[in-house]
Amino acid sequence: MKFCRIVLIFLIVLVLAGCANLDQSDSESNSSGGDSAYITNDYVFVLTSDYSTGSCSAIQMPNWKVDSDLALVHSDAMVRQYGEEIYVVNRLGQDNIMVLDSYDFGLQRQFSVGNGTNPQDIAFVDANKAFISRYASNQLLIVDPSSDDGTELDTVNLSAYADDDGICEMAKMLVLNDKLYVAVQRLNCDSGSSPVGDSYLVIIDCLTNEIIGDIQLIGSNPYDLVYSAALDQILVAEVGNWTVTDGGIEAIDPNNDTSLGYIITETTLGGDCSILEIFSADKGYAIITDSGFNTKLVSFNPSTGELLNNSVYAPGGFTLTDIELDNNSRLYLTDRTDNNPGVRVFNAVNDQQLTSSPLDVGLPPNVLLAVYH
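Residues numbered from 1 in each chain as written. Predicted model: local features only at pLDDT ≥ 70, side-chain atom pairs only at ≥ 80, totals over all residues. Heavy atoms only, no water.

Take the overall build of the chain next. Of regular secondary structure, the chain possesses 2 helices and 29 strands. Computed over the C-alpha atoms, the radius of gyration of the chain is 19 Å, within 12% of the 21 Å expected from 2.2 N^0.38 for a compact globule of 373 residues. For the chain, the spread of C-alpha atoms along the principal axes amounts to about 50 × 45 × 40 Å. Buried positions account for 60% of the 373 residues belonging to the chain. Restricting the contact set of the chain to residue pairs at least 6 apart, pairs at least 24 apart contribute 48%. A total accessible area of about 13,600 Å² is found for the chain, and carbon and sulfur atoms account for 44% of it. Counting 16 positive and 51 negative side-chain charges, the chain places the averaged centre of each group 3 Å from the other. (Helix = DSSP H or I, 4+ residues; strand = E, 2+ residues; numbered from the N terminus. Rg over C-alpha atoms; globule rule 2.2 N^0.38 Å. Buried < 20%, exposed > 50% of the residue type's maximum accessible area, 1.4 Å probe, protein only. Contact = heavy atoms within 4.5 Å. Areas by Shrake-Rupley, 256 points an atom, 1.4 Å probe, with all protein chains shown as cover. Lys, Arg positive; Asp, Glu negative; His and termini not counted. Charge placed at Lys NZ, Arg CZ, Asp CG, Glu CD.)

Burial analysis of strand β2 (residues 54–60) places 7 of its 7 residues in the buried class, which makes it a mostly covered element. Every second residue of β2 is oriented toward a common face, with G54, C56, A58 and Q60 on one face and S55, S57 and I59 on the other, all of them buried. Two strands pair when backbone bridges link them, and strand β1 (residues 43–49) and β2 are joined in this way by 7 bridges, in the antiparallel orientation. Bridge assignment links T48 to a residue of β2, and that residue is S55. Between the end of β1 and the start of β2, which pair antiparallel, lie 4 residues, with Y51 showing a positive phi angle near 80 degrees. Bridge count between β2 and strand β3 (residues 66–73): 5 bridges; the pairing is antiparallel. In the sheet register, I59 faces β3, and the bridge partner there is V66. Hairpin remark: β2 followed by β3, antiparallel, with 5 residues in the connecting loop; positive phi at W64, about 65 degrees. (Pairing = 2+ DSSP bridges.)

A word on the sheet that holds strand β28 (residues 342–347). Pairing between sheet strands relies on hydrogen bonds along the backbone, with the strands arranged either parallel or antiparallel. Across the sheet, 3 strands lie side by side as β26-β27-β28; this open sheet has antiparallel pairing. Because the sheet does not close on itself, it has two edges, and the strands there are β26 (320–325) and β28. Taken pair by pair, the neighbouring strands of this sheet meet at an average axis angle of 25 degrees, ignoring direction. With 4 bridges joining them, β26 and strand β27 (residues 330–335) adopt antiparallel strand pairing. (Axes fitted to C-alpha atoms, helices over the stretch in contact; angles between N-to-C directions.)

On to the environment of Q353. Looking at where Q353 falls in the secondary structure, it is placed in the loop between β28 and β29 (365–371). Judged by its relative accessible area of 30%, Q353 is partly exposed. For Q353, the residues in contact, after removing those within four places along its chain, are Y313, R344, V345 and F346. A polar contact is formed between the side chain of Q353 and the side chain of R344, at a distance of 2.8 Å. At 3.2 Å, the side chain of Q353 forms a polar contact with the side chain of T355. (Polar contact = N/O pair within 3.5 Å; in protein donor to acceptor, adjacent residues only side chain to side chain.)

For the rest of this paragraph, the subject is the nonpolar core. Core analysis: the largest hydrophobic core is formed by 20 residues, its most contacted members being F45, L47, I86, V88 and F105. Counting residues per element, the ones that place at least two in this core are β1, β2, β3, β4 (77–82), β5 (85–90), β6 (96–101) and β29. Here V88 is in contact with F45, L47, V73, A77, M78, V79, N96, I97, M98 and L100, once residues within four sequence places are set aside. Judged by nonpolar contacts, the second largest core, of 17 residues, contains F131, V156, L180 and V182. (Core = buried A, V, L, I, M, F, W, Y, C linked by side-chain atoms within 4.5 Å.)

Next up on the list: the environment of G247. Note that G247 resides in the loop between β19 (233–238) and β20 (248–253). Judged by its relative accessible area of 3%, G247 falls in the buried class. Contact partners of G247, with chain neighbours within four places excluded, come to E238, V239, Y262, T265 and E266.

Let us now look at the environment of N327. Relative to the helices and strands, N327 resides in the loop between β26 and β27. Along the primary structure N327 and L276 are separated by 51 residues, whereas in three dimensions their C-alpha atoms are 16 Å apart. If near-sequence neighbours (up to four positions away) are discounted, N327 is found in contact with D42 and Y372. Side chain to side chain, N327 and N328 meet in a polar contact 3.4 Å long.

Let us look at the pairing of β28. With respect to burial, β28 is a largely interior element, 6 of its 6 residues being buried. Pairing of β27 with β28, which is carried by 6 bridges, proceeds in the antiparallel orientation. Paired with T334 across the bridge in β28 is V343. If you look at the hairpin formed by β27 and β28, you'll find 6 residues sitting between the two strands.

Moving on, we come to unusual backbone geometry. P62 follows M61 through a cis peptide bond whose omega is 5 degrees. You can see P62 is positioned in the loop between β2 and β3. We note that N177 has phi near 55 degrees; this positive angle belongs to a residue other than glycine. With respect to the element layout, N177 can be found in the loop between β12 (170–176) and β13 (179–184). The phi dihedral of D257 falls on the positive side, at around 55 degrees, and the residue is not glycine.

The next thing to look at is the sheet that holds β13. Ordered by their spatial adjacency, 4 strands build an open sheet running β12-β13-β16-β17, and the pairing between neighbours is antiparallel. The open sheet terminates on both sides in strands that have one partner only, identified here as β12 and β17 (211–216). Across the sheet, the axes of successive neighbouring strands diverge by a mean angle of 20 degrees, strand direction being ignored. For strand β16 (residues 200–205) and β17, the ladder comprises 5 bridges, and the chain directions are antiparallel. Pairing of I203 across the sheet is with G213, part of β17.

Following this line, the structure appears as structure tokens:
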């Protein structure tokens, strides 16, 4: 049996995606959706958590009306949208996918992805095919997400990328041009979950399910993965070792699957870079954690590598966990400050905060997703 935990308690928000306890068993989440809200306009979906319980809320756009506690979810989860459904990935300890109606938040179906496998992300090829990365397994799962039981279609064996602990630690994913890009972190869970030195984006053909290549990253521990249409690049936030400025944001050309190098380093950013959003070809945002475990929101130019604003918002402490852009040039930020948690909203054009106080979403906010109908 293999047990791994990050020992830095201040990093718990960011590393809940971390290594798995392989003895964990499935358990069900209960949805309370369908009674309190029916939302036809676009909104920002918020996963909230106090680390023992989890819920979800919606911030309606553009009036920022909040509907709180729409459904119960795992305390450690992430979320994606496909069509008119919201897919909540309940991670370690529940190990399942929970599918909610995007209008009334009623539970449509829920299916296991394997005891103790610690799912991290779901990426869709179409309505009947999706990939699920599982942190405690080397088998990338392929399912029919529309079926009641999440029928398994296939698996892709990534064991060739495993490090000495026997697991490759697959994390965030994205689908682009009929290819799936899987961030493989390669952390040694037998030695404090530190990077072993080389991490990869593994590339899989979405039609054949075959591994067709990989890209060895400049840095290690790829934590976030976004595609920018404005740049026509995949950008990878590489944390490396926590509290050490040994990573950065690396650009990948998806046309020939080659690295373009760092566009900006953690030294320039001022700390570990974990979460990204790209607003335009000349402006992006990142959440940075310094050596004292203080988080801050910064803006940068992804074309030139210039740091534009080294403190868009810096409340002190380990309080910021996620950011999300909407289609009206608004940037949403989770702020888990103990005495006043909530979601703050900024103008992405000029970095000005538009909320005088954080929007109350119930439990402290953890993960954001802009949902469009």
